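# Fold and geometry: a report
Next come the chains, spelled out residue by residue.
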Amino acid sequence: MKYADVIIDISHERLDKTFEYIVPDQLEMQVTEGVQVVIPFGQGNRAITGYVVDIHNQPEFDVTKLKPIARVVKDSIAIESQLISLAAFLKRNYGSTMNQALKTVIPIKKKENEKMKKEISLAISFEQAKIELNELLAKKNHALGKERLLRELLEVDTLDWELATKKLQVPTANIRDMEKKGIIHIESVRSFRNPHLNKEANKKNIILNEEQEAAAEQIKADIDTGRRKTYLIHGVTGSGKTEVYMDVMEHVIEMGQQVIVLIPEIALTYQTVMRFYTRFGDKVSILNSRMSPGERFDQFERAKSGEISIMVGPRSALFTPFANLGLIIIDEEHEPSYKSEVIPRYHARETAVYRAKLAGATVILGSATPSLEAYSRAESGEYQLITLHNRAMGQDMAKCEIVDLRAELQAGNRSMLSRRLQELMADRLNKHQQIMLFLNRRGLMGFVSCRACGHVLKCPHCDVALHLHNGGIMKCHYCGFTTRATKVCPSCGSKYIGSFKAGTQRLEELVKEAFPQARVLRMDADTTSGKNGHEEILSAFAAHEADVLIGTQMIVKGHDFANVTLVGIIAADISLNESDFHSGERTFQLLTQAVGRAGRGVEPGIAVIQTYQPENYAVVSSANQDYHSFYQQEFAYRRLLSYPPCSHMLGIQVSCDKQKDAIAQADILAELIRRKAPEIVIMGPEDAYIGKLKDVYRRVIYLRADDYDELVGIKDEIDKFLLEQKQYRNTSTWFDFDPINTL
């Protein structure tokens, strides 16, 4: 007799534990770790679903009190024990129920409708088919469709139905007649949706330069001798980190292992993915947020079956069910999108290192602007640092000029474009070279305010300002609330009400006014809403169908346009003035990445940074492309204030639709922490950065400690308290370890 530990498929704290069940003899072959089962639960024996997380021969409880598993859910997807261990890691280190963690590592929980295709093959011997063809040709006015089909089947073993009926133009009646006579056989087979179908793949032999080859050989040598490490490749923009990745990937694949490549969603474009597909062909598959559930399901099935060896995608690709994982690569590891904003709020970097430990795999992190967390670990020896100092093709780094916008204002220039930037744009347009203009703000993005009394129009459901969009529409970017723009201030009745327009849409209008001859493309969340929006815009720009590309962060993430010789950063201060201790780091990363887009081809590049704070160390360091100078100053600042990575933080958020209950519950939790861990630094409780969101009130508490495990212990104490607490059960509490964004 076997017994199974089952986690109930209800994301609720009070049921976040395993329950033991008997595995009936008739189900013994079907019940494995990870399958979804139906079990009787509670006094009424109501049927509910759960996941099997462990199977054993000895019961932990009285067998007479155990119930048998009712059945295995048809078409449920089994999850390997490795992924169960990964789910336990997420629950333990980031705070969630086991079910929430399981649903994170098993993003596809059920089979989607299988896509089928019909294939045609010969039901007779090759020689008999030749005889049939000759007999057919001997007839006058014979069926041309049958002739074409037989000729093709003498060349290939199987023929796709659609190819036969469309390309060969064989009538369906001809096919059915030949099937009836026993000449051909028609079979329905499973067709995996492949995002790369119909794309030519021509393998190119890339010759690595001296720096790249040394980096790749170092990692491959460690892999060959069984040393599994985490590497941080710090390479300047354009240094060819991707070529190093691919060289190591090829080595791992030749060993019969698989590879996961994580790329930020914002940089997961056709241009980026095709670099891998050109090298590895059909061994590559991708995941992205725009794929249908069926497409995503098929990619996971292809990975499990061994049809593919490489999965490229955002952080969710980390949970690809590869059986023999050998390498995990995280490109642009500094990107905030690697931190989940939903429970469990895990970081892909730490989770990848843990999965690699379970699988005996190697991890490569890469960035021109590494996060302070990663670089400090490399300095301490926890990660192995590899540095690429030069651009792959030997090009010089782009020159960079800083324009003081205060001086522009004093000179009477109130435009978003400085005089120097306009001068350089005119020069590049005359030379038929391309320009990129970066502004970290979408659309018009103008908050609406009254110039008479200062009143700002806010969303009635969220404590945030409404933003003006085209067509006189005001919209909340958090809950989607929409209303017509008002012409009169609701507070004082003044007619002097309007919006501050400083977005990409406004910038596009200004560029077209200043340079009417220029062909302008805009790339932001509004212009890329379609399934292939990113690809269409980037392909058009790469094909020189536009002179100027205006965009938000998505245009500065990993793209390589050889004809871009000028990059303009319109307002560096937007990210610099965020109320978050990461603001300096994010500004440096964004500006450095943006500057790095210029001069990647034959012609030298120049970048212009427009700012009201030209002396700020983040601005100066990015202009000089000097990571070490920035790191030393930023790390000193973090150490002085005990911010990560010099310590660890835990954010606790309490939310409720009743404000007084949210306040009371947060106060109770703060007092509990003071009693249990008086040495812990507590900040708050206070209103969250957005105190009210979708009619829900939010309070936050921040804790700071040198020891991460100490914060995990506090999380466990709070979880235990919440299980036993009878008051304020209408509130919701969740955790964010080392938060990336202000709660």
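So, here's what we can say about the structure. Each residue is numbered by its place in its chain's sequence as written, counting from 1. Only residues with pLDDT of at least 70 are given local features in this predicted model, and only at 80 or more are side-chain atom pairs given and counted; all residues enter the totals for whole chains, interfaces and linings. To get the side-chain values, take all heavy atoms of the structure and skip hydrogens and water.

### Observations concerning the overall build of the chain
Runs of H or I in DSSP of at least four residues are treated as helices and runs of E of at least two as strands, each being numbered from the N terminus. Broken down by element type, the chain carries 22 helices and 30 strands. To get the radius of gyration, use the C-alpha atoms; to get the globule rule, take the number of residues to the power 0.38 and multiply by 2.2 Å. Relative to the 2.2 N^0.38 estimate, which gives 27 Å for 743 residues, the radius of gyration of the chain is 30 Å and therefore close to what a compact globule would have. Taken along its principal axes, the extent of the C-alpha atoms in the chain is 90 × 80 × 60 Å. When a residue's accessible area, from a 1.4 Å probe over protein chains only, is under 20% of the maximum for its type it is buried; when over 50% it is exposed; and in between it is partly exposed. Classification of the 743 residues of the chain by burial places 53% in the buried group. Two residues form a contact once any of their heavy atoms are found within 4.5 Å. For the chain, contacts bridging at least 24 residues in sequence account for 73% of all contacts bridging at least 6. In this description, accessible areas are obtained by the Shrake-Rupley approach with a 1.4 Å probe, and a residue is regarded as covered only by the protein chains that are shown. Working note: accessible area of the chain is about 33800 Å², and carbon and sulfur atoms make up 48% of it.

### What about the sheet that holds strand β4 (residues 46-56)?
We treat two strands as partners when DSSP finds at least two bridges between them. The antiparallel open sheet is built from 5 strands, whose spatial order is β2-β1-β4-β3-β5. Each edge of the open sheet carries a strand with a single partner, namely β2 (18-23) and β5 (71-72). Pairing geometry for strand β1 (residues 2-8) and β2, over 6 bridges, is antiparallel. Bridging across to β2, D5 finds its partner in E20. With axes taken as lines fitted to C-alpha atoms, and helix axes fitted only over the stretch in contact, angles between N-to-C directions fall between 0 and 180 degrees. Each of β1 and β4 is contacted by helix α2 (residues 98-105), which is oriented at about 90 degrees to β1, the strand it contacts most.

### Points about the packing of aromatic side chains
Any Phe, Tyr or Trp ring, taking Trp's six-membered ring, that has another such ring centre within 6.5 Å forms a pair; planes under 30 degrees apart are called stacked, those over 60 apart edge-to-face, and the others tilted. All chains considered together, the criterion is met by 15 aromatic pairs. Taking 4.8 Å as the distance between ring centres and 65 degrees as the angle between the ring planes, the aromatic pair formed by Y375 and Y631 counts as edge-to-face. Separated by 256 residues along the polypeptide, Y375 in helix α12 (residues 372-380) and Y631 in helix α20 (residues 627-641) bring together distant segments of the chain. Per residue, the accessibility class of Y375 equals that of Y631, and both read buried. Look at F588 and Y627: their rings are 6.0 Å apart centre to centre, the planes differ by 50 degrees, and that puts the pair in the tilted class. Separated by 39 residues along the polypeptide, F588 in helix α18 (residues 583-595) and Y627 in helix α20 bring together distant segments of the chain. Its relative accessible area of 1% is what places F588 among the buried residues. A connected cluster of aromatic rings, assembled from ring pairs, spans Y375, F588, Y617, Y627, F630, Y631 and F635. Here the guanidinium or amino end of K118 rests over the ring plane of W161, the centre of that ring lying 3.9 Å away. Placement of a positive charge over a ring is assigned whenever Lys NZ or Arg CZ falls within 6 Å of the ring centre and within 35 degrees of the normal to the ring plane.

### A look at the sheet that holds strand β11 (residues 284-286)
Pairing is parallel in the open sheet, where 7 strands are placed in the order β11-β12-β10-β13-β14-β9-β15. Either end of the sheet is taken by a strand with one partner, and the two such strands are β11 and β15 (384-388). When strand polarity is set aside, the average angle formed by the axes of neighbouring strands in this sheet is 20 degrees. Of the strands in this sheet, β9 (230-235), β14 (362-367) and β15 are in contact with helix α7 (residues 210-224), which crosses β15 at around 160 degrees.

### Some points on empty space enclosed by the protein
Buriedness of a pocket was judged along seven lines, with at least five required to meet protein on both sides within 12 Å; pockets are open sets of points on a 1 Å grid over the protein atoms alone, cavities are sets where a 1.4 Å probe fits but cannot get out, and lining residues have an atom within 4 Å of a point. Grid points are joined across faces, edges and corners, and a volume is the space filled by probe spheres set on the points. In the structure shown here, the tally under the stated rule is 2 cavities of 30 Å³ or more. Secondary-structure elements contributing two or more residues to the lining of the second largest cavity are α17 (573-576) and α18. Of the residues in the lining of the second largest cavity, the class split is 7 nonpolar, 2 polar and no charged. Charged residues are taken to be Asp, Glu, Lys and Arg, nonpolar residues to be Ala, Val, Leu, Ile, Met, Phe, Trp, Tyr, Cys and Pro, and polar residues to be all remaining types, Gly included.

### A closer look at a nonpolar patch on the surface
Patch building starts from residues that exceed 30% relative accessible area and form no salt bridge, then joins like charges within 9 Å and nonpolar side chains (Val, Leu, Ile, Met, Phe, Trp, Tyr) within 5 Å. Definition used for salt bridges: Asp or Glu carboxyl oxygen within 4 Å of a side-chain nitrogen of Lys or Arg. Taken together, the side chains of Y637, L640 and L641 define a hydrophobic patch exposed on the protein surface, amounting to about 290 Å² of accessible area. Inspection of the secondary structure puts L641 in helix α20.

### As for the pairing of strand β24 (residues 548-551)
A two-sided burial pattern is seen for β24, the buried positions comprising V548 and I550 on one face and L549 and G551 on the other. With 4 bridges joining them, strand β17 (residues 434-438) and β24 adopt parallel strand pairing. Following the sheet pairing, F438 is matched in β24 by G551. Across 4 bridges, strand β23 (residues 520-523) lies against β24 in parallel orientation. For R522, the partnering residue across the bridge sits in β24 and is I550.

### Description of α12
Counting buried positions along α12 gives 7 out of 9 residues, so the element sits mostly inside the fold. Of all the positions in α12, only L372, E373, A374, Y375, S376, R377 and A378 are classed as buried. Buried-residue contacts for α12 involve β9, α11 (348-359), β14, β15, α18 and α20. Looking one or two places after α12, you find G381, whose phi comes out positive at around 95 degrees.

### Considerations on the packing of α12 against α20
For any two helices packed against each other, one specifies the inter-axial angle together with the distance between the axes. Running from amino to carboxyl end, α12 crosses α20 at an angle of 100 degrees, the nearest separation of the two axes being 11 Å. The orientation of α12 relative to α20 falls into the category roughly perpendicular. Residues L372, E373, Y375, S376 and E379 of α12 touch α20, and the partners they reach there are Y627, H628, F630, Y631, E634, F635 and R638. In terms of residue class, the contact of α12 with α20 is made up of 6 nonpolar, 2 polar and 4 charged. In these notes the angle categories are as follows: under 35 degrees is roughly parallel, over 145 is roughly antiparallel, 65 to 115 is roughly perpendicular, and the rest is oblique.

### Here's the deal with the pairing of strand β25 (residues 564-569)
Extensive coverage of β25 is indicated by the burial of 6 of its 6 residues. Where β25 meets strand β26 (residues 606-611), 4 bridges bridge the pair, whose relative direction is parallel. Note that in β26 the partner of L566 across the bridge is I606.

### What to know about the environment of R704
Tracing the backbone shows R704 in strand β29 (residues 696-705). Since its relative accessible area comes to 18%, R704 is described here as buried. Sequence separation between R704 and G651 is 53 residues; the distance between their C-alpha atoms is 9.0 Å. Every residue in contact with R704, bar those within four places of it in the chain, is listed here: L641, S642, Y643, S647, H648, M649, I680, V681 and M683. Counting of polar contacts relies on pairs of N or O atoms within 3.5 Å, with two restrictions inside protein: one atom must be capable of donating a hydrogen and the other of accepting it, and residues adjacent in sequence are counted only when both atoms are side-chain atoms. A distance of 3.3 Å separates the side chain of R704 from the backbone oxygen of S642, its partner in a polar contact.

### Quick look at the side chain of H582
Relative to the helices and strands, H582 is located in the loop between α17 and α18. Only 3.2 Å separates the side chain of H582 from the backbone oxygen of I740, close enough to count as a polar contact. If sequence neighbours within four positions are ignored, H582 has contacts with R638, P739 and I740.

### Quick look at the nonpolar core
Only buried Ala, Val, Leu, Ile, Met, Phe, Trp, Tyr and Cys residues count toward a nonpolar core, and they belong to the same one when joined by side-chain atoms within 4.5 Å. L262, I328, M436, I555, V567, I569 and I609 are the most contacted members of the largest nonpolar core, which has 59 residues in total. Formed by 38 residues, the second largest nonpolar core is a distinct cluster that contains F319, A705, Y708 and L722.

### Here's the deal with helix α10 (residues 293-305)
How far a helix is expected to stretch is found by multiplying one less than its residue total by 1.5 Å. Taking 1.5 Å of rise per residue, 13 residues should cover 18 Å, and α10 covers 18 Å from first to last C-alpha, within 8% of that figure. Looking at α10, one finds that the buried residues are G294, R296, F297, D298, Q299, F300, E301, R302 and A303.

### Let's talk about the environment of L576
Mapped onto the elements of the fold, L576 is located in helix α17. For L576, a relative accessible area of 9% translates into the label buried. Along the backbone, L576 and Y697 are 121 residues apart, and their C-alpha atoms lie at a distance of 28 Å. Setting aside residues up to four positions removed in sequence, L576 forms contacts with S583, G584, T587, Q613, N616, A618 and V619.

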